[in-house]
Amino acid sequence: MSVIVYVDASDVREGALEALKAAIKELVDFVEANEPRVLAYNVYFNDDGTRMTVVHVHPDSASLEYHMEVAGPVFRQFVELVTLASIHIYGEPSEKVLHQSYEKARLLGSGAVAVEPLHAGFTRFGLH
């Protein structure tokens, strides 16, 4: 299994926290309902609500490509709510995922995209 871990971090625009939390809840519900291959999709806020981190785990690059395609149009609603600071992709994303990530970075901020390929490890999901 060629798992891809995607992490993006954004600064929350002043006064946007409550609207952002509502929009993120809708996005999470959308991803859960429409993207059955996503293994995990989690959103975190720091204590003072000025920073948001989104972490998702995909079984492969094709799952992340699909996520960017179907959820991509929803990202536009975040333009006034956040400034994307960075995208980190852990694993070996396809060229299409890289292109999609750079497009998202341009849309939401001046954030950088970094890729770190897997050196060693294993993944256990679905174990109780």
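Our structure is the block above this text.
Residues numbered from 1 in each chain as written. Predicted model: local features only at pLDDT ≥ 70, side-chain atom pairs only at ≥ 80, totals over all residues. Heavy atoms only, no water.

K.L.:
Whenever I open this one, the overall build of the chain confuses me. Can you help?
P.N.:
The helix and strand inventory of the chain stands at three helices and five strands. Taking 2.2 N^0.38 as the reference for a compact globule, 128 residues should give roughly 14 Å; the C-alpha atoms of the chain span a radius of gyration of 14 Å, in line with that estimate. Along the first, second and third principal axes, the C-alpha atoms of the chain reach 40 × 30 × 25 Å. Taking all contacts inside the chain whose residues are at least 6 apart in sequence as the whole, residues at least 24 apart take part in 76%. For the chain, the accessible area works out to roughly 7400 Å², and carbon and sulfur atoms hold 54% of it. Side chains of the chain carry 10 positive and 18 negative charges; the gap between the two charge centres is 2 Å. (Helix = DSSP H or I, 4+ residues; strand = E, 2+ residues; numbered from the N terminus. Rg over C-alpha atoms; globule rule 2.2 N^0.38 Å. Contact = heavy atoms within 4.5 Å. Areas by Shrake-Rupley, 256 points an atom, 1.4 Å probe, with all protein chains shown as cover. Lys, Arg positive; Asp, Glu negative; His and termini not counted. Charge placed at Lys NZ, Arg CZ, Asp CG, Glu CD.)

K.L.:
I'm lost on the side chain of Ser86 in this one. Help?
P.N.:
Tracing the chain through its elements places Ser86 in strand E4 (residues 82–90). Ignoring any residue separated from it by four or fewer positions in sequence, one finds Ser86 in contact with Val7, Asp8, Ala9, Gly111 and Ala112.

K.L.:
What is the right way to look at the packing of aromatic side chains in this model?
P.N.:
In this description, a pair of aromatic rings is defined by centroid distance and the angle of the planes. Scanning all chains against the criterion turns up zero aromatic pairs. Positioned above the aromatic ring of Phe45, the side-chain terminus of Lys21 is 5.5 Å from the ring centre. Taking NZ or CZ as reference, Lys104 lies 4.2 Å from the ring centre of Phe75, over its face. (Phe/Tyr/Trp six-rings, centres within 6.5 Å; stacked < 30°, edge-to-face > 60°. Lys NZ or Arg CZ within 6 Å of the ring centre and 35° of its normal.)

Spatial relationships are all this shows, so hold off on functional conclusions.
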